[in-house]
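Here is what each chain is made of, one letter per residue.
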Amino acid sequence: SLEKDQIALLSDYWGMTELKNKSHISLLDKYQLALRFCGKNIFKKGKPPYQGAQDVIDLRNTLVHYKPESISLQSNHKLSKKLQGKFAENSLMDKSGNPHFPDKCLGCECARWSWKTMEKFVDSFFDGIGIAPNYKKLEF
């Protein structure tokens, strides 16, 4: 449902923002600009589904780009506040006395929440620009 000039604009822009050109725009900002290029409403920052996607990205970046730090029972990791209550804690750590992040946070419910949160974000994006993603066109 996108016009050829919109597709070309999106393709050119996406290619120009890759790190090889030493310019960097965050993933979520790329989605925001794609919506703008198509003349659609952008996501509201701080509200679902944008904020949930940002929380998943923050979790991913913390795990992938790990920087050692001391975590005690008296001080919570910065992600604890963001993630606590969004999904069930890792039951293997019940009554362990360990901090919420990473021990009680990481587990199958965290993974399920991450997947569902990103699915909602991507579904909202595709709904916004009026096209059906491939994963909705096929039956698995």
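Before reading further, recall that the structure is shown in the block above.
Summarised in this report is the structure supplied together with it.

Okay, the overall build of the chain next. The number of helices and strands found in the chain is seven helices and zero strands. Counted from the first residue to the last, the chain has its helices and strands arranged as α-α-α-α-α-α-α. Scaling as 2.2 N^0.38, a compact globule of 140 residues should have a C-alpha radius of gyration of about 14 Å, whereas the chain reaches 18 Å, well beyond that. Expressed along its principal axes, the backbone C-alpha trace of the chain runs to roughly 55 × 40 × 25 Å. Every one of the 140 residues in the chain was classed for burial, and the buried ones make up 31%. Both charge centroids of the chain, one from 22 positive and one from 16 negative side chains, sit 4 Å from each other.

Take the environment of Ile 25 next. Tracing the chain through its elements places Ile 25 in the loop between helix 1 (4-16) and helix 2 (27-37). Expressed as a C-alpha distance, the spacing of Ile 25 and Trp 14, which sit eleven residues apart in the sequence, is 9.6 Å. Discounting chain neighbours no more than four positions away, the residues touching Ile 25 are Tyr 13, Thr 17 and Lys 30.

Considering all chains together, one arrives at zero disulfides under this definition. Looking at the unpaired Cys 105, the closest cysteine sulfur is the one in Cys 110, lying at 4.3 Å.

Further remarks concern the nonpolar core. Counting residues in hydrophobic clusters, the biggest one holds 14 residues, and the most contacted among them are Leu 28, Leu 35, Phe 43, Tyr 50, Phe 121, Phe 125 and Ile 129. Not counting chain neighbours up to four residues away, the residues in contact with Phe 43 comprise Gln 32, Leu 35, Pro 49, Tyr 50, Phe 121, Ser 124 and Phe 125. Of all hydrophobic cores here, the second largest spans nine residues; its members include Leu 59, Leu 79, Leu 83 and Phe 87.

A few words on the pattern of salt bridges. Overall, the coordinates contain seven salt bridges when judged by the stated rule. We note a salt bridge from Asp 55 to Lys 82, for which the minimum N-O separation is 3.9 Å. Pair noted here: Asp 55 is in helix 3 (residues 50-64) and Lys 82 is in helix 4 (residues 78-83), with a separation of 27 residues, a long-range link. Judged by relative accessible area, which is 33%, Lys 82 ranks as partly exposed.

About the thresholds
Residues numbered from 1 in each chain as written. Predicted model: local features only at pLDDT ≥ 70, side-chain atom pairs only at ≥ 80, totals over all residues. Heavy atoms only, no water. Helix = DSSP H or I, 4+ residues; strand = E, 2+ residues; numbered from the N terminus. Rg over C-alpha atoms; globule rule 2.2 N^0.38 Å. Buried < 20%, exposed > 50% of the residue type's maximum accessible area, 1.4 Å probe, protein only. Lys, Arg positive; Asp, Glu negative; His and termini not counted. Charge placed at Lys NZ, Arg CZ, Asp CG, Glu CD. Contact = heavy atoms within 4.5 Å. Disulfide = S-S within 2.5 Å. Core = buried A, V, L, I, M, F, W, Y, C linked by side-chain atoms within 4.5 Å. Salt bridge = Lys/Arg side-chain N within 4 Å of Asp/Glu carboxyl O.

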